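Remarks on the overall topology
Residue-level listing of the chains:
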Amino acid sequence: MTIFKRLIFLLLILNFLQSQVSIGGIPKSILTDIEKTIPNINLPQVDRELLIQEDEIEIDKYIPFRFGIPFDVNYNLNNSGEWEDVEDGRIWRLSITSKSAYSINLLYDRFILPEGSEMFIYDAEMNTVLGAFTSANNKNHETFSTAPTKGDVTIIEYFEPYDVDFYGEISINRVVHAYKDIFFNNESRDYGDSGSCNNNVNCSEFVDWADEVRSVAMILSGGGFRLCTGSLVNNVREDLTPYFLTANHCLGGESSWIFMFNYESPGCNNQNGPTYMTVQGSTLLDNASSSDYALLLLDETPPLEYEVHFSGWDATGNTPSTPVGIHHPSGDIKKITFDYNNASNAGNYWDVNNWEDGTTEPGSSGSPLFDGNTHRIVGQLYGGTASCSSITYDTYGKVSSSWNSGLRTFLDPDNTGTTVLDGMDALDLPDPELSYDADNLDFELNNNESESSAIIITNTGEIDSELNYTINSSPFEVEGG
């Protein structure tokens, strides 16, 4: 009797450098024959005109820029939505409608996913698809938040295999209705909604600032409905710890913050930028109102494909020359601003007496101020009256003052005495690539016979790259008895 056995190898490259923010993929409902109707919840109507009137009174750089209005809710896997069984597990879906919203983003007061489960968030037209979020996104604080999806309908989809170690927990406690068009290219928005005097960062004449630009991110703060700006900063160990500098007055709910990198026009003209390069959650390490600074540790390391930069800094207290600001005014795509005179000393603060090229606005709060010669951060935006129509001052908390308040503890943890440090890129390690010379190995054997064969696995990637993989064998296929 002949026994035919086929051994199939599954090869998997392990990403050992970074924990991914999401793993991509396709929602299970698209891949299965599942009921198309999704249970929907309608939120109360929003009075946009009233909110705009409130903003006209509130507009100030000392207050984080408001783009949305929050609804506090309690939607979870047990009291909302609907479960449906599929071949290898079950799918839970819920649709939330907030009429006339430009976008919707969600905050979760419980987020614990078992291994093998996946969560996606997408809009009704699937123009924005976020996920898959997995157990790799679980945090110690067991909370979470997701970036905005386009339009006034957002859908949450969760797949859970049958054989999980525990049942997942997803509890939505806040839905944010965007009454300002910040993140997506709707017909009503012309990118460049900030003042017309602002400069897009990718104009060719600003190429010398390309590194520092990649360190700056917009923050969805204040419970998910306000905006600030901040920057990744280097530390003396240069170990790529994701320290993030912003303003003290932006603080509140840091564990739910979303940090959006590379939201900028690809060129000099005003056009939409990518909104998917986000990381979620942070821990407050140090802050002080005396120089209006806050240092955070990001809960997720920006993936290598974000190509982020960790900016250098100057804690000497020397007067910065020709200051430069990089920021997100009014939640707009990233801008760069120049003063061709030295900053002025104002105690724990630097004053930029007036900007010669560009300005700042609400939403710029917390953004870094760079010395124009050294490209090192010397402060973060506290406030001021400057705008395109008001050629007046802006005030930045000094890095040198923050240094003595506690910033040094984290940025110079070994107490080396360093007070000046240059920036550095995230490590661009050589990429591995897996190749192998056979998809499967076939053996045709009689009883009590043995046979051996080989499969050659090769790393054909870049020089000095390191390839990690696992090999798993599927069950033998037996043909002929």
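As a starting point, this report considers the structure included with it. In this text the structure is predicted, and so the values were computed from the model without any measurement.

Okay, the overall build of the protein next. Per the secondary structure count, the protein includes four helices and 35 strands. Rg of the C-alpha trace for the protein: 26 Å, near the compact-globule value of 23 Å for 481 residues, within the 12% margin. If you line up the protein on its principal axes, its C-alpha atoms span 90 × 55 × 40 Å. Counting every position in the protein, which comprises 481 residues, the buried fraction comes to 54%. The contacts in the protein between residues at least 6 apart in sequence include a share of 74% that link residues at least 24 apart. Charged side chains of the protein number 24 positive and 72 negative; the gap between the two group centres comes to 6 Å.

Attention now moves to the sheet that holds strand β4 (residues 68-76). Across the sheet, which stays open at both edges, the four strands sit in the order β4-β12-β7-β10 with antiparallel pairing between neighbours. Looking at strand neighbours, the two that pair on one side only are β4 and β10 (144-150), the edges of this open sheet. Pairs of neighbouring strands in the sheet enclose a mean axial angle of 20°, with direction left out of account. Relative to strand β12 (residues 169-178), strand β7 (residues 103-112) runs antiparallel, the two sharing eight bridges. In the strand pairing of β12, Tyr 108 is matched with Ile 172.

A few words now on the state of the cysteines. As enumerated under the stated definition, the model contains three disulfides in all. The side chain of Cys 203 participates in a disulfide bridge whose partner is Cys 268; the two sulfur atoms lie 2.0 Å from each other. One quick way to see it: the torsion about the S-S bond of Cys 203 and Cys 268 is about 85°, and its sign makes the bridge right-handed. Placement of the pair is Cys 203 in the loop between β13 (199-200) and α3 (210-213) and Cys 268 in the loop between β17 (258-261) and β18 (278-280), with a sequence separation of 65 residues. Take the cysteines of the protein that form disulfides and number them in order along the sequence; they join up as 1-6, 2-5, 3-4.

Let us look at unusual backbone geometry. Cis geometry is found at the peptide bond from Gly 131 to Ala 132, where omega equals 0°. In this structure, Ala 132 sits in strand β9 (residues 129-133). Of note in the backbone geometry, Leu 240 takes a positive phi value of approximately 65° without being a glycine. Within the secondary structure, Leu 240 is located in the loop between β15 (226-233) and β16 (243-246). Judged by relative accessible area, Leu 240 falls into the buried class, the value being 18%. The backbone of Glu 307 shows a phi angle near 55°, a positive value even though the residue is not glycine. Assignment of secondary structure puts Glu 307 in the loop between β20 (293-298) and β21 (309-310). Under the relative-accessibility criterion, Glu 307 is labelled exposed at 54%.

Given a rise of 1.5 Å per residue, 13 residues ought to cover 18 Å, yet the end C-alpha atoms of helix α4 (residues 399-411) are separated by just 11 Å, more than 12% below that figure. The axis of α4 is deflected most strongly, by about 80°, at Ser 405. Among the residues of α4, those classed as buried are Val 399, Ser 400, Ser 401, Ser 402, Trp 403, Gly 406, Leu 407 and Leu 411.

Going through the model one piece at a time under the given rule, you end up with 16 aromatic pairs. Taking the centre distance of 6.4 Å and the plane angle of 65° together, the rings of Tyr 243 and Phe 410 count as edge-to-face. Of this pair, Tyr 243 sits in strand β16 while Phe 410 sits in helix α4, and the two are 167 residues apart along the sequence. For Tyr 243, a relative accessible area of 12% gives the class buried. Each ring, one from Trp 355 and one from Tyr 396, has its centre 6.4 Å from the other, and the planes form 80°; the classification is edge-to-face.

Rules and cut-offs
Residues numbered from 1 in each chain as written. Predicted model: local features only at pLDDT ≥ 70, side-chain atom pairs only at ≥ 80, totals over all residues. Heavy atoms only, no water. Helix = DSSP H or I, 4+ residues; strand = E, 2+ residues; numbered from the N terminus. Rg over C-alpha atoms; globule rule 2.2 N^0.38 Å. Buried < 20%, exposed > 50% of the residue type's maximum accessible area, 1.4 Å probe, protein only. Contact = heavy atoms within 4.5 Å. Lys, Arg positive; Asp, Glu negative; His and termini not counted. Charge placed at Lys NZ, Arg CZ, Asp CG, Glu CD. Pairing = 2+ DSSP bridges. Axes fitted to C-alpha atoms, helices over the stretch in contact; angles between N-to-C directions. Disulfide = S-S within 2.5 Å. Expected span 1.5 Å × (residues − 1). Bend = angle between axes of the 7 residues up to and from the residue. Phe/Tyr/Trp six-rings, centres within 6.5 Å; stacked < 30°, edge-to-face > 60°.

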